[in-house]
Amino acid sequence: MIIKGLIEPISSVFVNLVNADFTAKQRGLRITEERVILDGSPENPLEFIQVQIANVESRFASAISDSGEIKVEGRVKDGIPHLTKVGSFEVDVSLEGSIILCRQVDQPGMIGKVGSVLGEENVNVSFMSVGRIAPRKQAVMAIGVDEQPSKETLKRIGEIPAIEEFVYLKL
């Protein structure tokens, strides 16, 4: 299931659970899985899933560790998948619809500035989550949006001085 999710966005062929491994090998990708056997019963459900991807480029550099790996964690809450960690930043992001991920300097007014840009362009915010390493240091803000922001709206977000990088993801 994870391999399908990794390969599908970068493949020109239809990817399913049956052909995902083969499609990855055709693209020259070496994928290894490490499974930790846990009960996983309704009384003792699995807590989370962690995915690490090595030797890749990312549209969101903050997800890349010092060793060059992308590391994300997630879990299912009330039947909905949630992203709970991006790199070293803890977040709580519902993986439905579309999101904007911003890496920024943690300072007062950032939620308001980004929210105002989206509101002025009539883009409705469905949720917002901020994860930070420490006060006034680096932070990641995840914003769920109901409509796709225009290129101009995204450009305006990128022009906010404390925003260091951002990416729009349509899920």
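See the structure printed just above.
Residues numbered from 1 in each chain as written. Predicted model: local features only at pLDDT ≥ 70, side-chain atom pairs only at ≥ 80, totals over all residues. Heavy atoms only, no water.

> Explain the side chain of E73 here, please?
Inspection of the secondary structure puts E73 in strand β2 (residues 69-77). Notably, E73 is buried but unbridged: the nearest opposite-charge side chain belongs to K85, and the N-O separation is 4.6 Å. When near neighbours in sequence (up to four residues on either side) are disregarded, E73 contacts F48, I49, Q50, H82, L83, T84 and K85. (Helix = DSSP H or I, 4+ residues; strand = E, 2+ residues; numbered from the N terminus. Buried < 20%, exposed > 50% of the residue type's maximum accessible area, 1.4 Å probe, protein only. Lys, Arg positive; Asp, Glu negative; His and termini not counted. Salt bridge = Lys/Arg side-chain N within 4 Å of Asp/Glu carboxyl O. Contact = heavy atoms within 4.5 Å.)

> Quick question: what am I supposed to make of the side chain of H82 here?
Residue position: H82 is located in strand β3 (residues 80-86). Apart from the residues within four sequence positions on either side, H82 is in contact with E73, G74, R75, K77, D92, V93, S94 and L95.

> Help me out: how do you make sense of the environment of T84 in this one?
In this fold, T84 is placed in strand β3. Taking relative accessible area as the criterion, T84 reaches 11% and is therefore assigned buried. A C-alpha to C-alpha distance of 4.9 Å links T84 and G74, two positions 10 residues apart in sequence.

> For this particular structure, what's the right way to read the sheet that holds strand β6 (residues 125-132)?
In a beta sheet, neighbouring strands pair by backbone hydrogen bonds and run either parallel or antiparallel. Reading across from one edge, β6-β7-β5-β8 is the order of the four strands in this open sheet, with antiparallel pairing throughout. Single-partner strands in this sheet number two, and they are β6 and β8 (163-170). Across the sheet, the axes of successive neighbouring strands diverge by a mean angle of 15 degrees, strand direction being ignored. Across the sheet, helix α3 (residues 110-120) is in contact with β5 (98-105), β6, β7 (138-145) and β8; its angle to β7 comes to roughly 30 degrees. Packed on one face of the sheet, helix α4 (residues 151-158) meets β5 and β8 and runs near 150 degrees to β8. (Pairing = 2+ DSSP bridges. Axes fitted to C-alpha atoms, helices over the stretch in contact; angles between N-to-C directions.)

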